[in-house]
Amino acid sequence: MEIKTTNLQKAYRKNYAIQDFTLDLEGEKIIGLLGKNGAGKTTFMRMLAGHFQPTNGQLTINGQTPFNHYDVTKNICLVMESNNFNNKFRVKDILEISAKFYPNWDHEYAERLRQVFRLKEKQKIKTLSKGMYSALGIIVGLSSHAPITIFDEPYIGLDASFRSTFYDLLLESYQKNPRLIILSTHLIDEVSNLFEEVVIMQEGKLLLHDTVDHLASKHLVLSGNKEKIDQLTNGLDILHQSSMLGQKTVVLYDELVEETDGVDVSKSTLQELFVYLTKEEVNTHA
Ligand SMILES: Nc1ncnc2c1ncn2[C@@H]1O[C@H](COP(=O)(O)OP(=O)(O)OP(=O)(O)O)[C@@H](O)[C@H]1O
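Residues numbered from 1 in each chain as written. Predicted model: local features only at pLDDT ≥ 70, side-chain atom pairs only at ≥ 80, totals over all residues.

Looking up the protein chain in an unreviewed UniProt entry gives the name ABC transporter ATP-binding protein, with the organism given as Gracilibacillus pellucidus.

Set out below in structure tokens:
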């Protein structure tokens, strides 16, 4: 599957939630979609699932626009943190409706997952606890086997143990049925080992799109005397910098060419990098 956006824009009245957003995603992989609150992640994922049209620009999936095209949207399963299901239905109704909508639906797997998450077939949606509601979303997303499966913070209310079960199942499901999985999360440390690529959005724009391996190998965190750091990093690609009392910290996205004597050189976790990247002083990297 190939997702392609070109200068994508989405405005709610006069406010742009997405602006000049150009991105290519393809292949079978698990991608982390990251961004601070209000960055535009849900808006982007809902456009992918065909919930509404872009205000401007292009969004295509294998060359076709998703809005109002069942041929496209039958291949996309979006599980959001809420508003996935009609409250009037029961668990079994949701599984039956999903089975009709998604051509690759795996009934046996759905049944197994229903038992793993201990959901009763006859329970009404409106009586599910937050965690049970999330579990049902996870069951639908994983059992859909949709070529593009998207989870938008699907674990609200799930305890740490069930979240861990979800991550194990996600990996198991991906290994059995490789596809493009997009997972939007704020719990980056919990899931970063699942991601092959990350997309970071900021204020409706693309801040960074890279493979996790490349990002991990390419970045360096340098701390030390400000003048020495400035001299070392002059002309290099800087993701983030901050200084205080003559000391400076720089997150570099480049090769170091000079000796780093007297300078502390380290690596960050994806979560730490995300925090650096989305602080005030940043450069855009697509
Ligand atoms: N239905 C709506 N009507 C008006 N504005 C909206 C609507 N939905 C989202 N927005 C606005 O669009 C911007 C992007 O919101 P969006 O929900 O896409 O961000 P997000 O990255 O998913 O945030 P979060 O991590 O908090 O879920 C925000 O400024 C938000 O207030």
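(A) Highlighting the overall build of the protein chain. Along its length, the protein chain carries 10 helices and 13 strands. For a compact globule of 286 residues, the expected C-alpha radius of gyration is about 19 Å, and the protein chain comes in at 21 Å, within 12% of that figure. Seen through its C-alpha atoms, the protein chain measures out along the principal axes to roughly 65 × 40 × 30 Å. Within the protein chain, the fraction of its 286 residues that count as buried is 37%. Of all intrachain contacts in the protein chain linking residues separated by at least 6 positions in sequence, the fraction that spans at least 24 positions is 71%. (Helix = DSSP H or I, 4+ residues; strand = E, 2+ residues; numbered from the N terminus. Rg over C-alpha atoms; globule rule 2.2 N^0.38 Å. Buried ≥ 20, exposed ≤ 12 C-beta atoms within 10 Å, placed from the backbone. Contact = placed C-beta atoms within 7 Å.)

(B) Representation of the packing of helix 4 (residues 107-116) against helix 5 (residues 130-144) in the model. Axis separation between helix 4 and helix 5 bottoms out at 9 Å; the angle between their running directions is 155 degrees. One finds that helix 4 runs roughly antiparallel with respect to helix 5. Relative to helix 5, helix 4 is oriented so that their crossing is right-handed. On helix 5, the residues that touch Y109, A110, L113 and R114 of helix 4 are I139, L142 and S143. For the contact of helix 4 with helix 5, the per-class residue count stands at five nonpolar, one polar and one charged. (Axes fitted to C-alpha atoms, helices over the stretch in contact; angles between N-to-C directions. Parallel < 35°, antiparallel > 145°, perpendicular 65-115°, else oblique. Left-handed = near helix turned anticlockwise from the far one by under 90°. Nonpolar A, V, L, I, M, F, W, Y, C, P; charged D, E, K, R; others polar.)

(C) Structural view of unusual backbone geometry. Its identity as a non-glycine residue notwithstanding, N83 has a phi of 60 degrees, on the positive side. As for its placement among the helices and strands, N83 is situated in the loop between strand 5 (76-79) and helix 3 (91-101). The phi angle at R118 is positive, at roughly 55 degrees, despite the residue not being glycine.

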